[in-house]
Amino acid sequence: MAMIKDALSALPAKPALFIAPVLVVLVLSLYYRDQYNKCVDIRRTRAELSQHLLSLEAPARFRLADFTDFSWNKVRIVAGVKPGTMSDTCPLDWNWPSGERDSLIASGKLTAMIFGKAGQVVRYLELRGDEVEFLEAEDQLTPETAVFRLRRKSGDAGGVTLTLQK
């Protein structure tokens, strides 16, 4: 009984002083769990897309809509992403290994795919431009027009080049 009394006397006189920090920790853990899941999903999708493209027998035809598992009606592909452009900021290397994204930007080898629907961005995906290169895809594309001819890059560089099929 004395132990319980001692434990209760150690609690703050005002419950808000005890409850507020607990609520802050709970809210932050929920936020970071969602952020972590989003970042890991982006990394997984990037890896799956790269692996899928690299596994195709060239020459091949690739429809972007066949790969995506979310709804979109426009995609914009931006090669050579510049510093300070839109990104899904992921802390603690949850998306890119430490420093890799920055070195890809510095070398002009980061490509972004911005998927939209009803005027809203529904997915932002970055790819290594040295593994997956897009040609002639400067305009906004629809699921019907985002169809590419795939060919292997020559030499030891590896990777694939996707040219918009017109």
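These notes cover the structure that comes with them. (Residues numbered from 1 in each chain as written. Predicted model: local features only at pLDDT ≥ 70, side-chain atom pairs only at ≥ 80, totals over all residues. Heavy atoms only, no water.)

## Notes on the overall build of the protein
Then, number 1: Looking only at helices and strands, one finds four helices and seven strands in the protein.
Then, number 2: Secondary structure of the protein in N-to-C order comes out as α-α-β-α-β-α-β-β-β-β-β.
Then, number 3: Looking at the 166 residues of the protein, the share that counts as buried comes to 33%. (Helix = DSSP H or I, 4+ residues; strand = E, 2+ residues; numbered from the N terminus. Buried < 20%, exposed > 50% of the residue type's maximum accessible area, 1.4 Å probe, protein only.)

## Thoughts on the sheet that holds strand β1 (residues 60-63)
Sheet strands associate in pairs through backbone hydrogen bonding, adopting either a parallel or an antiparallel arrangement.
Then, number 1: Ordered in space as β1-β6-β7-β5, the four strands form an open sheet in which the pairing is mixed. At either end of the open sheet lies a strand with only one pairing partner, and these are β1 and β5 (132-135). The mean angle between the axes of side-by-side strands here comes to 30°, regardless of whether they run parallel or antiparallel. (Pairing = 2+ DSSP bridges. Axes fitted to C-alpha atoms, helices over the stretch in contact; angles between N-to-C directions.)

## As for the packing of aromatic side chains
Then, number 1: This model, assessed by the stated rule, comprises three aromatic pairs.
Then, number 2: With a centroid separation of 5.0 Å and 90° between ring planes, the pair formed by F70 and F115 is classed as edge-to-face. Highlighted residues: F70 in the loop between α3 (64-67) and β2 (74-78) and F115 in strand β3 (residues 110-117), separated in sequence by 45 residues. Across the pair, exposure class does not vary: F70 and F115 are buried alike. (Phe/Tyr/Trp six-rings, centres within 6.5 Å; stacked < 30°, edge-to-face > 60°.)

## Notes on the sheet that holds strand β4 (residues 120-128)
Then, number 1: Reading across the sheet, the three strands line up as β2-β3-β4 and stay open at both edges, with antiparallel pairing between neighbours. The sheet terminates laterally at β2 and β4, the two strands that pair on one side only. In this sheet, adjacent strand axes meet at a mean angle of 15° when their direction is disregarded.
Then, number 2: Note: β2 against β3, five bridges, orientation antiparallel. Across the sheet, I77 pairs through a bridge with M113, a residue of β3.

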